[in-house]
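# Observations on the three-dimensional arrangement
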Amino acid sequence: MAVQPAVYGASERPPRGDYTRAQDDYTCAQDWAGYSAQDHDTYHRLYLRQCEQLPGLASEAFIDALPHLGAKERIPRFDDVNERLYRATRWQLVAVPGLIPEVPFFTLLAHRKFPVTDWIRRPEEFEYIVEPDVFHDLFGHVPLLFNPVLADYMQRYGEGGLKAARLGACEMLARLYWYTIEFGLIREPAGLRAYGAGILSSHGELPYSVQSPVPQRLPLQLERTMRTRYKIDSYQQTYFVIDSFEQLFQLTAQDFEPLYARLRGLPEYAADERVV
Ligand SMILES: C[C@H](O)[C@H](O)[C@H]1CNc2nc(N)[nH]c(=O)c2N1
Ligand SMILES: N[C@@H](Cc1ccccc1)C(=O)O
Ligand SMILES: [Fe+2]
């Protein structure tokens, strides 16, 4: 198969990972001693390869915060990252065995706890992994948790998720997450850049999302985003662009309940449907 982006999402397969290790809130201890030399080497090689292509493609806030992850030669201890992260934005990383159900996921975010999958892909999955692993979760998501505005947005998203779960609107809200936190682009003074974790942890999708003439890039618009389906197993055909993290925060501050009610009656857009 061709090089694929780091992807995650609902899948028919049972998630990988040992869920017997998890507590009721789905968190577990990071099994740091359980990583092999090969696991650390996989992380190191992914990290170096991705670092090389960040200038000109990754958002400034991401590049600035990346060193906070610590050593690149090995998978960091989450507690070590937490010393810096908690001081910066009062967020904490917690280990999870893999994808977790929506309500526990939202609950952790609402408490400023970010679930990080603790296992790493096998060497033969270097290019392609169908669910989040520790490289995607740490490298892709954690640097921007050091940004105060994005950090607050993530907590609001968690709270909004719990509300969406009560209203049966998780699918609409999950699309917002997908097209911002996972696959978002930002217009910076120097040009278009990526801030979405699924892009930033993907060797192929990072240059594709920013530079390829193929996908369409639309200004972020809540209704359009929530009505647009997404594909988890190919590069995106539609990206949504923000002007700043403040804009994203303000745009999503409104009560979504009336929005969900209105959108329920409207048709969806296919992932590759073009605006004409
Ligand atoms: C709700 C959200 O959009 C998505 O479906 C959730 C579900 N569970 C998850 N669980 C983990 N560990 N990581 C994730 O990113 C998600 N995403
Ligand atoms: N404003 C949203 C909550 C939310 C905030 C930020 C991001 C996503 C969702 C609501 O009322 O449901
Ligand atoms: Fe992710």
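Look up a bit, the structure's there.
Everything in this summary refers to the structure shown in the same document. (Residues numbered from 1 in each chain as written. Chains lettered and ligands numbered in written order. Predicted model: local features only at pLDDT ≥ 70, side-chain atom pairs only at ≥ 80, totals over all residues.)

## A look at the site of ligand 1
Ligand 1 sits among eleven residues. The nearest are Leu 99, Ile 100, Phe 105, Ala 174 and Tyr 177. Every element with two or more residues in the shell around ligand 1 is listed here: helix H4 (102-110), strand E2 (113-117) and helix H7 (170-182). Split by residue class, the shell around ligand 1 holds nine nonpolar, one polar and one charged. (Near = placed C-beta within 6 Å. Helix = DSSP H or I, 4+ residues; strand = E, 2+ residues; numbered from the N terminus. Nonpolar A, V, L, I, M, F, W, Y, C, P; charged D, E, K, R; others polar.)

## With respect to unusual backbone geometry
Here Arg 90, not a glycine, exhibits a phi torsion of approximately 65°, which is positive. With respect to the helices and strands, the residue Arg 90 is situated in the loop between helix H3 (78-89) and strand E1 (92-96). Even without being a glycine, Arg 112 presents a positive backbone phi close to 55°. Structurally, Arg 112 can be placed in the loop between H4 and E2.

## Observations regarding the environment of Arg 166
Position of Arg 166 among the secondary structure elements: in helix H6 (residues 148-167). Judged by C-beta crowding, with 11 C-beta atoms within 10 Å, Arg 166 ranks as exposed. The spacing of Arg 166 and Val 103 is 63 residues in sequence and 9.8 Å in space, taken between C-alpha atoms. (Buried ≥ 20, exposed ≤ 12 C-beta atoms within 10 Å, placed from the backbone.)

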